[in-house]
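# Tertiary structure, described
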Amino acid sequence: MQQELLKSRAAEWEKWKKFGAATVLSPDEVQEYIDKGYKTLPMQWVEIDKNEPKRTAENPDIPALYKSRLVGRGDLEKKSNEDLRSDSPTCDVEGVNMVFSFAASNKLKLRSADITNAYFQGEKLTRILIFKQPPGGLPGVQEGECLLARVPIYGTKDAGRGFWKKLRKTLTDAGMKENRIIKALYSYAVDGDIKLILATHVDDILWACKPEAEHIVEKAKSAFEFGAEGSGTLRYCGKEVTQHEDFSITVTCKDTTMKTEPVRIQPGRKLTENLNEGEKTQLLSVVGSLNWIARQCRPDISYRVSRLRSRVNIGTIADLKEANKVLAYSIATADQGLTFKSGVLDWNNLVSAVVTDASHANEVEELKDGRVEAHRSQGARLQLLATPSIIDGTECNFHLIGHASTTIKRVCRATLQAEAYGLTSGVEEGDRLRAAIAEMKGKLPKILGNDWEAAAAAEIPQVWLTDCASLEQSLNKRVMSKVADKRLSIEIAALRQPLWRAVGNAHGDPNYDDYKPEETTDKVRWIDTDVMLADPLTKGMDPDKLRVALKENHWDLTAPVESVIKKRAKQLQRSKSTEAKQDPPPELKKLVE
């Protein structure tokens, strides 16, 4: 093992020399800098085994493949965060899913690559950083000599930003446009037709490109030294991504799921016992891993993970067992994830769909001061890119772009309130995502002011789907009903504006307009609870309906006959009960007759 580590360290030092990452200073030169007030910072080796994620219980004997990184102790640098900006945007999950959707829809090869020693290829340093050699020294460097950094060094506060600025400039100089809505997402379009979408996550690049834009990618690639380019089956940001022969794409997090260890529960502990500090740490670790998995590609476990998150500091042994159950289920279904079928969407004729649901007053939340409040509601949303038939048809095709299951912060006094708050969250995210696509098409104003939402809405229609009939009716009424709760009244009034917005207008005016415009940018649609895909994100239930829809990228919006009959029977029962209550007493009935 030691010999392999020495080889790995030597290879890393060769890269430092190859990219001119530092200049070797003699002891006398180092002293001159010290006399001027500069400090020397220590360095250390950080090593990983790149084959470790590949080892499983079935295949444990994969040989080690060590990778060494020479890291500077930037945490000891005197400059504060106010002096050094350390932010370096990375593309979020929704942006990456858009790349998947674009590639599958246009039957384009999905490709990825990582930039070799990315930080060394960043912008040149503009300040003086001097590092001591790591313990054991460096090949060919004499004892007492130090390194004067010339480029961003791993471990320093602003290293990531220095590389990001170089990458951003390279991509935009090559002809790509930086997305102002989703950071670290780049595109190239001609007359509103998107030719290329590229996402970056530090040094990992993912893109799909039409043939007529290949020269843009090649120009950008020429500025950096890349590692091997991947396609077909690849790994991107911890996810397994497979593109099949028909260009469909599946995304899973199997490796991370299988590597997550369950919580160890001491024998004899009662279900109602509070957790000790060690158990809280274990629960936090498992929930953290499950939360990442759920966010990336497993909406079917989002609710159960969300509930566990709220129990980390106030949990009992029962919560540890629930965490292990969720993990066991995730491992048993680790092959499941997201599917982006090819040919089911036309990116020049998309509809943004917002699917929201809420469960009322069944959750608890721990506040910052440690207090626990009950009667919280759970809100869930699915963000889809779908075919136009989702607006008023009986079925549609779609790709899932984003999802969330979160506890609504405000206590809701009624189901209508919880559903309205959940819908507001979904609509705001839908506005963001369709604006990102409009930006790719070049349809947003050059200067983003108050008109960006109107421009995005004019380009891509949006439909909101809810299974709360009273909410749908409140939003679609010509005259808004009076609502006792002022905050709920504000939410409903705000939601009604885009429903009255004509294409091209900044906003609608339901108070002034007697009728809705014939063509509006947004529509709200009621669907039966039995076909609501977001239901498993608000309560513990079998997510089979959601899993099938995600796998097939197809959604049947027709309520099952059994559901219709059951609801009609309940309506008749309520009607009979109401009539019975309204009948006059026997002694008065004679007078009426």
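Here, the structure is the one placed above.
Thresholds applied
- Residues numbered from 1 in each chain as written.
- Predicted model: local features only at pLDDT ≥ 70, side-chain atom pairs only at ≥ 80, totals over all residues.
- Heavy atoms only, no water.
- Pairing = 2+ DSSP bridges.
- Helix = DSSP H or I, 4+ residues; strand = E, 2+ residues; numbered from the N terminus.
- Axes fitted to C-alpha atoms, helices over the stretch in contact; angles between N-to-C directions.
- Contact = heavy atoms within 4.5 Å.
- Buried < 20%, exposed > 50% of the residue type's maximum accessible area, 1.4 Å probe, protein only.

## Overview of the sheet that holds strand S16 (residues 338–340)
Read across the sheet, four strands follow the order S13-S14-S15-S16 without closing on themselves; strand pairing throughout is antiparallel. Unpaired on one side and paired on the other, strand S13 (233–236) and S16 mark the two borders of the sheet. Neighbour-to-neighbour, the strand axes of the sheet open up by a mean angle of 20°, direction not taken into account. The sheet contact formed by strand S15 (residues 249–252) and S16 spans three bridges and is antiparallel. Bridging across to S16, Thr250 finds its partner in Thr339. Helix H3 (residues 93–105) rests against S13, strand S14 (239–243), S15 and S16 of the sheet, and its axis sits at about 40° to S16.

## Here we look at the pairing of strand S5 (residues 110–114)
Of all five residues that make up S5, four are buried, and the element is covered over most of its length. Summarising the sheet, S5 and strand S11 (residues 204–209) pair through five bridges and their orientation is antiparallel. Note on S11: the bridge partner recorded for Ser112 is Leu206. In this sheet, strand S12 (residues 230–231) lies alongside S5 in antiparallel orientation, the contact comprising two bridges. The residue bridging Ser112 from the neighbouring strand is Gly230, located in S12.

## Notes on unusual backbone geometry
Backbone geometry places Asn117, a non-glycine residue, at a positive phi of 40°. Inspection of the secondary structure assignment puts Asn117 in the loop between S5 and strand S6 (130–131). Take Asn117: its relative accessible area is 5%, and that puts it in the buried class. A positive phi angle, near 65°, is found at His375, a position not held by glycine. Looking at the secondary structure, you find His375 in strand S18 (residues 372–386). Given the relative accessible area of 52%, His375 is considered exposed.

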